[in-house]
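Residue-level listing of the chains:
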Amino acid sequence: GVHDMPRFMSEPGATPQGLKLAQTLIMTSRGTPLLYYGDELAMQGGPDPDNRRDFPGGFPGDTRNAFTAAGRTAAENDTWNYLAKLGEIRRSLEPVRRGSTLDLLDEEQQLAFARVTNTAAVVVVINNDTKPAIAAFDVSMIKPIREGAVLTDQIGGILKTNVADGRVSIDIPARTAVILKSE
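Keep in mind the model is a prediction, meaning the values are calculated, not measured.

Caption draft 1: Quick peek at the overall build of the chain. A tally of regular secondary structure across the chain gives three helices and eight strands. Tracing the chain from N to C terminus, the helices and strands come up as α-α-α-β-β-β-β-β-β-β-β. Here the C-alpha coordinates of the chain stretch approximately 60 × 30 × 30 Å along the principal axes. Evaluated residue by residue, the chain yields a buried proportion of 43% over its 183 residues. Expressed as a percentage of contacts within the chain between residues at least 6 apart in sequence, the contacts between residues at least 24 apart total 56%. A total accessible area of about 9800 Å² is found for the chain, and carbon and sulfur atoms account for 53% of it.

Right under this line is the structure:
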């Protein structure tokens, strides 16, 4: 089980950005997502039993309470808020919870897939590279995504692209994920 393995943030080269990308994949893939306590803070934890360290807060004698925004560091709040946003997206967009999966792009550092129901679809694009990339792929087979549609990122709300000739092309910053939905 998860409790027998080192935490994500204790793996060599792990970063909060990498954790966010991994959690985006987990929260948008088919099946029930698993969030191990403390990952919402990018908590450290090596081999067992260090991976089971107490969550900071809620216990007698704790010096801080990370259950509250004031009790978390700025970096912890950044990860917390990102994962909370992923939870909101999963809750509000049915395709993320119940849609079938359609792979759209599989490059060494970029991945794109759609989650599709009969009436709606979202497209998840992940750039794991340390530099920006252009992710371009066909979406013409996804019925709920129409030609000319504007697709807007639901995580940050800034990145947009449109469907032209059945294709999407998006400039995606380094170490970034987007969840695109038709407006």
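Caption draft 2: Focus on helix H2 (residues 74–92). For H2, with 19 residues, the first-to-last C-alpha span of 27 Å sits near the 27 Å given by 1.5 Å per residue. Considered for burial, the residues of H2 that qualify are Glu76, Asn77, Thr79, Tyr82, Leu83, Leu86, Gly87, Ile89 and Arg90. Elements that come into contact with the buried residues of H2 comprise helix H1 (16–28), helix H3 (94–98) and strand E8 (176–182).

Caption draft 3: Seen up close, the pairing of strand E3 (residues 121–127). For E3, a buried count of seven out of seven residues is recorded, marking the element as mostly surrounded by other parts of the structure. A two-sided burial pattern is seen for E3, the buried positions comprising Ala121, Val123, Val125 and Asn127 on one face and Val122, Val124 and Ile126 on the other. The sheet contact formed by strand E2 (residues 110–116) and E3 spans seven bridges and is antiparallel. Residue pairing for E3: alanine 114 is matched across the bridge by valine 123. What sits between the antiparallel neighbours E2 and E3 is a turn of four residues. Note that E3 and E8 share six bridges and pair antiparallel.

Caption draft 4: Up close: the packing of aromatic side chains. Summed over the entire model, instances satisfying the criterion amount to zero aromatic pairs. Against the face of tryptophan 80 rests arginine 72, its NZ or CZ located 3.6 Å from the ring centre.

Caption draft 5: Region of the structure containing the pattern of salt bridges. Taken as a whole, this structure holds four salt bridges when the rule is applied. For lysine 85, the salt bridge identified is with glutamate 88, shortest N-O distance 4.0 Å. Placement of the pair is lysine 85 and glutamate 88 together in helix H2, with a separation of three residues, close to one helical turn. Accessibility expressed as a relative area gives 29% for lysine 85, which makes it partly exposed. When the shortest N-O distance is used, the salt bridge between aspartate 129 and lysine 131 registers 3.3 Å. Residue classification places aspartate 129 among the buried residues on the basis of a relative accessible area of 15%.

What counts and how
Each chain has its residues counted from 1, following the order in which its sequence is written. For a predicted model such as this one, the threshold for reporting local features is a pLDDT of at least 70, and the threshold for listing and counting side-chain atom pairs is 80 or more; totals across whole chains, interfaces and linings nevertheless cover every residue. Excluded from the side-chain calculation are hydrogens and water; included are all heavy atoms of the structure. Here a strand is any run of E in DSSP of at least two residues, a helix any run of H or I of at least four, and the numbering for each starts at the N terminus. Here the term buried applies to any residue with accessible area under 20% of the maximum for its type, exposed to any over 50%, and partly exposed to those in between, with areas from a 1.4 Å probe on protein chains only. Residue contacts follow a heavy-atom distance rule, with two residues in contact if any of their heavy atoms lie within 4.5 Å. Computed by Shrake-Rupley with a 1.4 Å probe, the accessible areas treat only the displayed protein chains as cover when residues are assessed. Between the first and last residue of a helix there are one fewer steps than residues, each counted as 1.5 Å, and that sum is the expected span. Any two strands with at least two DSSP bridges between them are considered paired. In this analysis, rings of Phe, Tyr and Trp, with Trp reduced to its six-membered ring, are considered paired at centre separations within 6.5 Å, and the interplanar angle assigns stacked below 30 degrees, edge-to-face beyond 60, and tilted for intermediate values. Remark: a charge is flagged as sitting over a ring if the NZ atom of Lys or the CZ atom of Arg is within 6 Å of the ring centre and within 35 degrees of the ring normal. Whenever a carboxyl oxygen of Asp or Glu lies within 4 Å of a side-chain nitrogen of Lys or Arg, that contact is scored as a salt bridge.

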